[in-house]
Amino acid sequence: MCSHYPEAQVSVRTVCCRKFFDCPACHEASEDHALKKTVDMALICKKCRKAFRKDLRDFDPETDSYCPHCDNHFVFTSAQPAAVAPSAAMQNLDARMIRDNDVDDELLGFAPDLSKKLG
Ligand SMILES: [Zn+2]
Ligand SMILES: [Zn+2]
Ligand SMILES: [Zn+2]
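All figures in this text were calculated on a predicted structure; none of them were measured in a lab.

Reading the values: rules and limits
- Every chain's residues receive numbers from 1 upward, in the order its sequence appears when written.
- Each chain is given a letter, starting from A, and each ligand a number, starting from 1, according to the order in which they appear as written.
- In view of the model being predicted, local features appear only for residues whose pLDDT reaches at least 70, and side-chain atom pairs are presented and counted only at 80 or more, with totals across whole chains, interfaces and linings using the full set of residues.
- Note on conventions: DSSP H or I runs of at least 4 residues are helices, E runs of at least 2 residues are strands, and numbering of each starts at the N terminus.
- Residue burial is a threshold on neighbouring C-beta atoms within 10 Å of the residue's own C-beta, all placed from the backbone, with 20 or more meaning buried, 12 or fewer meaning exposed, and counts in between meaning partly exposed.
- Working definition of a contact: two residues with C-beta atoms, positioned from the backbone, lying within 7 Å.
- Two strands pair if DSSP finds at least two bridges between them.
- Put simply, a nonpolar core is a cluster of buried Ala, Val, Leu, Ile, Met, Phe, Trp, Tyr and Cys residues tied together by C-beta atoms within 7 Å.

Could you give an account of the overall build of the protein chain, with specific residues and numbers?
A tally of regular secondary structure across the protein chain gives 4 helices and 4 strands. Listing each helix as α and each strand as β along the protein chain from the N terminus yields β-β-α-β-β-α-α-α. Here the protein chain, with 119 residues, has 18% of them falling under the buried criterion. Nonlocal contacts in the protein chain, meaning residues at least 24 apart in sequence, comprise 44% of its contacts between residues at least 6 apart.

Would you mind going over the sheet that holds strand β1 (residues 10-13) in detail, with residue names and values included?
With antiparallel pairing, the 4 strands of this open sheet are ordered in space as β2-β1-β3-β4. A strand with exactly one partner marks an edge of an open sheet, and here the two such strands are β2 (20-21) and β4 (51-55). Where strand β3 (residues 40-45) meets β4, 5 bridges bridge the pair, whose relative direction is antiparallel. Looking at β4, one finds that isoleucine 44 is bridged to alanine 51.

Account for the nonpolar core, with residues named and values stated.
Ala8, Val10, Val12, Phe21, Cys23, Cys26, Met41, Leu43, Cys45, Phe74, Phe110 and Ala111 together form the largest nonpolar core, which totals 12 residues. Elements with a contribution of two residues or more to this core: β1 and β3. Per-element accounting of this core gives the leading share, 3 residues, to β3. For valine 12, the contacting residues outside a window of four places in its chain are Phe20, Phe21, Met41, Leu43 and Phe110.

Which residues make up the pairing of β1, and what values go with them?
Relative to β3, β1 runs antiparallel, the two sharing 4 bridges. Looking at β3, one finds that arginine 13 is bridged to alanine 42. What sits between the antiparallel neighbours β1 and β2 is a turn of 6 residues, in which arginine 18 has the positive phi angle 55°.

Just give me the short version of the pairing of β3, but keep the residues and values in it.
A one-sided burial pattern is seen for β3, the buried positions being Met41, Leu43 and Cys45 and the unburied ones Asp40, Ala42 and Ile44. Between the antiparallel neighbours β3 and β4 lie 5 residues, among them arginine 49 with a positive phi of about 65°.

Explain the environment of serine 11 to me, using residue names and the numbers behind them.
As for its placement among the helices and strands, serine 11 is situated in strand β1. With residues near it in sequence (within four places) discarded, serine 11 still touches Phe20, Phe21, Asp22, Leu43, Ile44 and Lys46.

Quick one: what's the story with unusual backbone geometry, residue by residue and with numbers?
Positioned with a positive phi, arginine 18 is a non-glycine residue whose angle comes to about 55°. On the basis of neighbour count, arginine 18 is assigned to the exposed category, with 8 C-beta atoms found within 10 Å. Within the chain, arginine 49 stands out as a residue other than glycine whose phi angle is a positive 65°. By secondary structure assignment, the location of arginine 49 is in the loop between β3 and β4. C-beta crowding within 10 Å serves as the criterion here: with 10 such atoms nearby, arginine 49 is assigned to the exposed category.

This is the structure in structure tokens:
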């Protein structure tokens with residue numbers, strides 16, 4: 001169970017070590033090498049436990065955010081870290097995290113930032 005993104009509905013197989021992780025932080029916690037990112041993702045649905053693939057170069061959030069086997073909706077953006085303490089000292093950090101709405105495109109950091117490549 002991933003403690004970073006408890007809402008995660010899928011596990012992602014990394015191309016560097018070919019293991020399944022819920023999020024890049026889990027990879028970092030258990031591996032001592034850098035995460036290798038990919039646009040051709042191998043995923044496992046946590047609901048039906050079946051594997052499927054997504055090519056992020058052809059990813060439509062409207063239709064491709066569902067498990068093809070059980071229609072489990074895996075919303076990467078819902079996997080936000082727990083609420084940040086609303087203290088004044090935390091506001092800079094808070095703003096930085098909120099601004100990080102690109103997480104949907106990056107699939108929690110498993111994938112490279114395609115927007116830069118595709119312009
Ligand atoms: Zn790895
Ligand atoms: Zn995690
Ligand atoms: Zn499923």
